[in-house]
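# Chain and residue survey
Here's the letter readout for the chains.
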Amino acid sequence: MGGTSAEKVAAPLVLATRPWQPALLVSAPVMSNVATVEAQQAALAFQHQQECKNKAEGISAESIKNVGELSKYLAFQPQYKAQLRARPDVAQGELVRVTDWKLLTPEDYDRTCFHFEVDVRGTAMEHAVNGSQGKALSVYATNDGEKVMEFIKEMKLDPDQIVSVEELAPQSEDGTVVLTTVYKLLTQYLDLFGKPTREFLKKLFPYAQDIQEKVAIAEMTLDRKTEDFQDRQARAATFADYLTEFKSLKIPADKYMELIPTIKQRVYSICSSSDYRPGKCQLLVVREDWQAKGGETKYGLCSSFLTFIRSGAFCVAHSTHSVMQMPEDKSAHIFMAGLGTGLAPFRAYIEQRKFEKTKGHKVGPMTLFFGGRYSKAEYYYRDEFEAFEAEGLVKCCNAWSRDQKQKIYVQHKIMEEADSIWNELGREGSTGYFFLCGSKQPEKDVFAALLKIFETKGGMTNEQALKKMDSLQSAGRYVTEVY
């Protein structure tokens, strides 16, 4: 820092906060009401700063001692130029408050799918989270606090130790120092439970005090040990697993940043129109899970984070570009194929057309092909879609693969609409659009179905049909977002 006392002007300082509880010193009287602030970033920053300035005198010496060294930076905020930020390394990131969470699948179902909403009023992204206008939401998860504390205990670390991490300083603000605690560093920033590469092991072995462990770690970086490392990868071994396995490791707290990468964003399609739902941003999320070698079930970090977060909590997010953007022509026929949670942007599309209709615009037809396994368990937003269909906004062509003995998939429903698709998408002079969103595997089947329609209804050869699809893609009239 730039000074040793409060009277001396210091270098700019950033204090990292917990995104779900935007209060650094919750045990101090001055910060007791910070956890209830609204989601608007301006309001959060203003309230933090004002409370620190106006009430710092009310902090007793004992309280300052209890909350640790960080308290002085808040008590003398102007001198230290201290700021509170949840993710100073994420320039666009903003604190947003969760305002709704609903489970959409049965509790005993083998898949957990849910509705998630944040309040974006007053944030920079307020008018940049319309799911129908080529926007998605990047969310930054945090690690499970209990698992982090278990790791801290096993590694004999002090969770309240203050660490300075230059790597987290905003790139646009030279000379800024970022201070946080060990607990917050491991919870909020570092991908502690992610899967490491062999480069991690090359950096790790020098910290082993026992020569045999040092050799064992170093050997895993060699080509002759590739199978052993790949077996660990198949079992989903994490950074934490390696760090706790080798008991002689002695790693200074400020060195963890050099060993473990930061938690990266997870991008989700937005399932709402901000014109139709002002100030709100909604997501349709499925909790990701897979079987690791050995049979243990593993879960995705961000989808698990969103699975257990609830209304009133905070998270860090920002708007991100998506290819799923509605055509400007409000009268164009839009065909939409949503596979599982790939339904998300098309809910936003329909909401946007609903909004435009209420404003007196004449809107074109929409056809939705939605694919899932069981209608009772996976027909997300059923009441909404049935109401939109009854109003004439959309025609729903749902494909439930397990509701009957014979498997029915989205491509089958597409073939049932062959005449409409040819007239609005294939024939010369047509102005329709086709959007596909969801898992990658069915994409080739949808593509093949469209080719067949062009061949059977338009009399095209296979080569002509392929050229037609190429031209549609080039014109932005056949758009896919698969994962």
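Please read all numbers here as calculations on a predicted model, not as lab measurements.

### Some remarks on the packing of helix H17 (residues 418–426) against helix H18 (residues 443–458)
The N-to-C vectors of H17 and H18 enclose an angle of 90 degrees; their axes lie 9 Å apart at closest approach. In this view, H17 runs roughly perpendicular relative to H18, as classed from their interaxial angle. The residues of H18 that touch H17, namely those facing Ala418, Asp419, Ile421, Trp422, Leu425 and Gly426, are Leu450, Ile453, Phe454, Lys457 and Gly458. Partitioned by chemical class, the residues of the contact of H17 with H18 number 7 nonpolar, 2 polar and 2 charged.

### Concerning the pattern of salt bridges
Side chains that differ in sign of charge can pair as their charged atoms come close. The final tally for this structure, using the stated rule, is 30 salt bridges. In this structure, the salt-bridge partner of Arg373 is Glu378, at a minimum N-O distance of 2.8 Å. Taken individually, Arg373 and Glu378 each receive the classification buried, so the pair is uniform in this respect. Salt-bridge contacts for Lys413 lead to Glu416; the nearest nitrogen and oxygen are separated by 3.7 Å. Of this pair, Lys413 and Glu416 are both found in helix H16 (residues 410–416), 3 residues apart, which corresponds to roughly one turn of the helix. Here Glu416 falls in the exposed class, since its relative accessible area comes to 56%. One continuous salt-bridge network, built from bridges that share partners, spans Asp110, Arg111, Arg373 and Glu378.

### Re unusual backbone geometry
Phi angles above zero are rare outside glycine, and Lys156 is one such case at about 60 degrees. Along the chain, Lys156 turns up in the loop between helix H5 (145–154) and strand E6 (162–164). Judged by its relative accessible area of 74%, Lys156 falls in the exposed class. The backbone of Tyr381 sits at a positive phi, close to 60 degrees, despite the residue not being glycine. Here Tyr381 shows up in the loop between helix H14 (375–378) and helix H15 (382–391). A residue is classified by how much of its surface remains accessible, and Tyr381, at 11% relative accessible area, is buried.

### Description of the packing of aromatic side chains
A full pass over the atoms with the stated rule returns 16 aromatic pairs. Taking the centre distance of 6.0 Å and the plane angle of 55 degrees together, the rings of Phe370 and Tyr380 count as tilted. Here Phe370 is found in strand E14 (residues 366–372), whereas its partner Tyr380 is found in the loop between H14 and H15, with 10 residues between them in sequence. No difference in accessibility class separates Phe370 from Tyr380, as the two residues are buried. Seen in terms of ring centroids, Phe447 and Tyr478 are 6.1 Å apart; in terms of plane orientation they differ by 65 degrees. Their pairing is edge-to-face. Of this pair, Phe447 sits in helix H18 while Tyr478 sits in strand E17 (residues 478–482); the two residues are 31 residues apart in sequence, bridging distant segments of the chain.

### Some words on the packing of helix H13 (residues 344–358) against H15
Where H13 contacts H15, the two axes come as close as 12 Å, and the packing angle between them is 45 degrees. Relative to H15, H13 is oriented oblique. At the point where H13 passes H15, the crossing takes the left-handed sense. Within the contact between the two elements, H13 uses Arg347, Ile350, Glu351, Lys354 and Lys357 and H15 uses Glu384, Phe385, Phe388 and Glu391.

Analysis parameters
Residues numbered from 1 in each chain as written. Predicted model: local features only at pLDDT ≥ 70, side-chain atom pairs only at ≥ 80, totals over all residues. Heavy atoms only, no water. Axes fitted to C-alpha atoms, helices over the stretch in contact; angles between N-to-C directions. Helix = DSSP H or I, 4+ residues; strand = E, 2+ residues; numbered from the N terminus. Parallel < 35°, antiparallel > 145°, perpendicular 65-115°, else oblique. Contact = heavy atoms within 4.5 Å. Nonpolar A, V, L, I, M, F, W, Y, C, P; charged D, E, K, R; others polar. Salt bridge = Lys/Arg side-chain N within 4 Å of Asp/Glu carboxyl O. Buried < 20%, exposed > 50% of the residue type's maximum accessible area, 1.4 Å probe, protein only. Phe/Tyr/Trp six-rings, centres within 6.5 Å; stacked < 30°, edge-to-face > 60°. Left-handed = near helix turned anticlockwise from the far one by under 90°.

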